[in-house]
Amino acid sequence: MYLPAILFCVLWSAVRAENSDDYELMYVNLDNEIDNGLHPTEDPTPCDCRSEHSEWDKLFIMLENSHMREGMLLQATDDVLRGELRRLREELGRLTGSLERPCSPAAPAEARLARVLNELQQTSRDSSRRLALLEGAKAQRPEEAGSALSAVLQELRQTRADLRAVQGWAARHWLPAGCETAILFPMRSKKIFGSVHPATPMTLESFSASIWVKATDVLNKTILFSYGTKRNPYEIQLYLSYQTIVLMVGGEEDKLVADTEISLGRWTHLCSTWDSKKGCMSLWVNGELVATAVGMATDHIVPEGGILQIGQEKNGCCVGGGFDEALAFSGRLTGFNIWDHVLNNEEIIEVGGAESCHIRGNVVGWGVTEIQLHGGAQYIS
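Residues numbered from 1 in each chain as written. Predicted model: local features only at pLDDT ≥ 70, side-chain atom pairs only at ≥ 80, totals over all residues. Heavy atoms only, no water.

K.L.:
I tried to follow the overall build of the protein on my own but got confused; where do I start?
P.N.:
Counting secondary structure elements, the protein contains 5 helices and 14 strands. With the model as given, the accessible surface of the protein reaches about 22,600 Å², and the carbon-plus-sulfur share is 55%. (Helix = DSSP H or I, 4+ residues; strand = E, 2+ residues; numbered from the N terminus. Areas by Shrake-Rupley, 256 points an atom, 1.4 Å probe, with all protein chains shown as cover.)

Structure follows, in structure tokens:
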């Protein structure tokens, strides 16, 4: 009775085992097909997937780097040229501003200056337009870009040369340091001079004297200013010689000589100082120290009661007497100031700087202290 059931179970188990082997075989075959016939324990050989650049790739890379370098060079040149034009415009603006203050009716020379300024402004605008062409220089051939750069550089050089010419012309015809007036000594004459009347007595144990000078001619001794008394006509003198500038205090034995020659027909700033305690004496030209010495007129006191003059030496007892035509100054003077103390280096540089004509001495102040002119001397603006 149980025998058929036992046989059925044995047959059913055999069928299940056969189906299981087929499944495992199929699974193995599938694995083998995926692994391309390689044993699962074998490691695949690594490969280098990076390919080397071809000759064409290298050529294109070189061309691309060349264009990048060319673009960087053009950009740097563009920045330099823009900076140069900006500085030129600033210089033109400052020069134009300094020439726009009130002055006498326009003379032919001033009309020429106005035309030159207009031409410079037009040249600056033309240069700006040429500089704008550099924006598309990257798309041009190297030869065309180089030609455009050369043209702009040449234009900048010409503009700078024209600007220097105008500045030189203005330096010869306009007053320095923002001064509105000057004193003209039209010729060398014993009758042409100026008498200065300080508001305070000239009793000095030290002093600083500042003056702007534009000389027409210089002889062996050309007086800029002098102070003297009846007892000693040579208390203070500042004068020019052929190739020197001389400051004298107390007499001929105490004088400082600077081996510096001023340029005729151009404005020059001179500053002289002296202190009696150490006898320290110095001369400055255009803000630079050119000569100094100690032991000069030590313990000397410049007395009051004398006569202070510009453009002539006073060696007589009264105004108009004892003058020598060979000592007279010819040219223009402005910004004459005297202090009763020694200015420091920064102050000396300041009084000789631009727009410094408003600085005035406490003994003689330009534009405040009375200066009486004689002969053909006259105020100009």
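K.L.:
Could you clarify how one ought to interpret the pairing of strand β11 (residues 307–310) in this entry?
P.N.:
The two faces of a sheet get side chains in turn, since along a regular strand they alternate between them. For strand β2 (residues 193–197) and β11, the ladder comprises 3 bridges, and the chain directions are antiparallel. Opposite Ser195, over in β11, you have Gln309 as the bridge partner. Note that strand β4 (residues 222–228) and β11 share 4 bridges and pair antiparallel. When the sheet's bridge partners are listed, Ser226 is paired in β11 with Gln309. (Pairing = 2+ DSSP bridges.)

K.L.:
So what exactly am I meant to see when it comes to the side chain of Gln309 here?
P.N.:
Relative to the assigned elements, Gln309 resides in strand β11. Accessibility expressed as a relative area gives 0% for Gln309, which makes it buried. Excluding anything up to four places from it in sequence, Gln309 contacts Phe193, Gly194, Leu224, Phe225, Ser226, Lys314 and Phe323. (Buried < 20%, exposed > 50% of the residue type's maximum accessible area, 1.4 Å probe, protein only. Contact = heavy atoms within 4.5 Å.)

K.L.:
How should I be thinking about the state of the cysteines in this particular structure?
P.N.:
What makes a disulfide is a covalent bond joining the sulfur atoms belonging to two cysteines. Across all of its chains, the model carries 1 disulfide by this definition. Note on cysteine connectivity: Cys179 is disulfide-linked to Cys357, with sulfurs 1.9 Å apart. Where Cys179 bonds to Cys357 through sulfur, the torsion about that S-S bond is close to 100°, and the disulfide is right-handed. Of this pair, Cys179 sits in the loop between α4 (142–173) and β1 (182–185) while Cys357 sits in the loop between α5 (345–351) and β13 (370–374), and the two are 178 residues apart along the sequence. Cys357 matches Cys179 in its accessibility class, with the two residues each being buried. (Disulfide = S-S within 2.5 Å.)

K.L.:
Explain the nonpolar core here, please?
P.N.:
Considering soluble globular proteins, one finds that nonpolar side chains tend to be buried as a cluster. Ile245, Ile310 and Phe336 are the most contacted members of the largest nonpolar core, which has 53 residues in total. The element contributing the most residues to this core is strand β3 (residues 206–215), with 6 residues. With residues up to four places along the chain from it excluded, the contact list for Ile245 reads Leu238, Tyr239, Leu240, Leu256, Val257, Ala258, Thr260, Ile262, Leu270, Leu283 and Val285. One finds Leu74, Leu81, Leu88 and Val152 within the second-largest nonpolar core, a separate group that totals 9 residues. (Core = buried A, V, L, I, M, F, W, Y, C linked by side-chain atoms within 4.5 Å.)

K.L.:
How do you make sense of the sheet that holds strand β7 (residues 255–258) when you look at a structure like this?
P.N.:
Paired through backbone hydrogen bonds, the strands of a sheet run either parallel or antiparallel to each other. The strand order β7-β6-β5-β4-β11-β2-β13 describes an open sheet built from 7 strands, whose pairing is antiparallel. Only two strands of the sheet have a single neighbouring strand rather than two, namely β7 and β13. Across the sheet, the mean angle from the axis of one strand to that of its neighbour is 15°, orientation sign disregarded. (Axes fitted to C-alpha atoms, helices over the stretch in contact; angles between N-to-C directions.)

K.L.:
Explain the environment of Ala177 here, please?
P.N.:
The topology assignment puts Ala177 in the loop between α4 and β1. Spatially, the C-alpha atoms of Ala177 and Gly335 are 8.3 Å apart, while their sequence positions differ by 158 residues. Other than its neighbours up to four places away in sequence, Ala177 contacts Trp212, Gly353, Ala354, Glu355, Ser356 and Cys357.

K.L.:
Looking at this structure, how should I read the sheet that holds strand β8 (residues 268–275)?
P.N.:
Across the sheet, 7 strands lie side by side as β10-β9-β8-β3-β12-β1-β14; this open sheet has antiparallel pairing. With one partner strand each, in any of the chains shown, β10 (288–293) and β14 (378–380) form the two edges of the open sheet. Strand-to-strand, the axes of this sheet are offset by a mean angle of 25°, without reference to chain direction. As paired strands, β3 and strand β12 (residues 331–339) are joined by 7 bridges and run antiparallel to one another. Paired with Ala215 across the strands is Gly331, a residue of β12.

K.L.:
Hey, could you run me through the side chain of Glu235 in this one?
P.N.:
Along the chain, the position of Glu235 falls in the loop between β4 and β5 (236–240). Buried and unpaired, Glu235 has Arg231 as its nearest opposite-charge partner, separated by 7.4 Å. Reaching out from Glu235, the side chain makes a polar contact with the side chain of His300 at a distance of 2.9 Å. Among all residues touching Glu235, those that are not within four sequence positions of it are Tyr227, Gly228, Thr229, Met248, Val249, Gly250, His300, Val302 and Pro303. (Lys, Arg positive; Asp, Glu negative; His and termini not counted. Salt bridge = Lys/Arg side-chain N within 4 Å of Asp/Glu carboxyl O. Polar contact = N/O pair within 3.5 Å; in protein donor to acceptor, adjacent residues only side chain to side chain.)

K.L.:
Before we go on, may I ask you to explain the packing of aromatic side chains in this structure?
P.N.:
Scanning all chains against the criterion turns up 4 aromatic pairs. Aromatic side chains Phe185 and Phe329 sit 5.6 Å apart centroid to centroid with 80° between the ring planes, which places their arrangement in the edge-to-face category. With a gap of 144 residues between them, Phe185 in strand β1 and Phe329 in the loop between β11 and β12 connect regions that are remote in the sequence. Residue Phe185 shares its accessibility class with Phe329, and that shared class is buried. Their ring planes at 65° and their centres at 4.7 Å tell us that Phe193 and Phe323 sit as a pair that is edge-to-face. Taken together, the positions of Phe193 in strand β2 and Phe323 in the loop between β11 and β12 put the pair 130 residues apart, joining distant regions of the chain. With respect to burial, Phe193 and Phe323 carry one shared label: buried. The positively charged end of Lys221 is found above the aromatic ring belonging to Tyr239, 4.9 Å away from the centroid. (Phe/Tyr/Trp six-rings, centres within 6.5 Å; stacked < 30°, edge-to-face > 60°. Lys NZ or Arg CZ within 6 Å of the ring centre and 35° of its normal.)

K.L.:
Teacher, can you tell me more about a nonpolar patch on the surface here?
P.N.:
A cluster of nonpolar side chains, namely Trp56, Phe60 and Leu63, defines an oily patch on the protein surface of about 380 Å² accessible area. Assignment of secondary structure puts Trp56 in helix α2 (residues 55–98). Looking at Trp56, the relative accessible area reads 59%, which means it is exposed. (Patch = residues over 30% accessible without salt bridge, like charges linked within 9 Å, V, L, I, M, F, W, Y side chains within 5 Å.)

K.L.:
Just checking my understanding: could you explain unusual backbone geometry for this structure?
P.N.:
With glycine set apart, most residues show a phi of negative sign, and most peptide bonds adopt trans. One non-glycine residue, Asn286, lies in positive phi territory at about 55°. Assignment of secondary structure puts Asn286 in the loop between β9 (280–285) and β10. If you check the backbone angles, Ala297 has positive phi at about 55° while not being a glycine. Note on placement: Ala297 falls in the loop between β10 and β11. You can call Ala297 buried: its relative accessible area is 7%.

So yeah, pure geometry; function would need other evidence.
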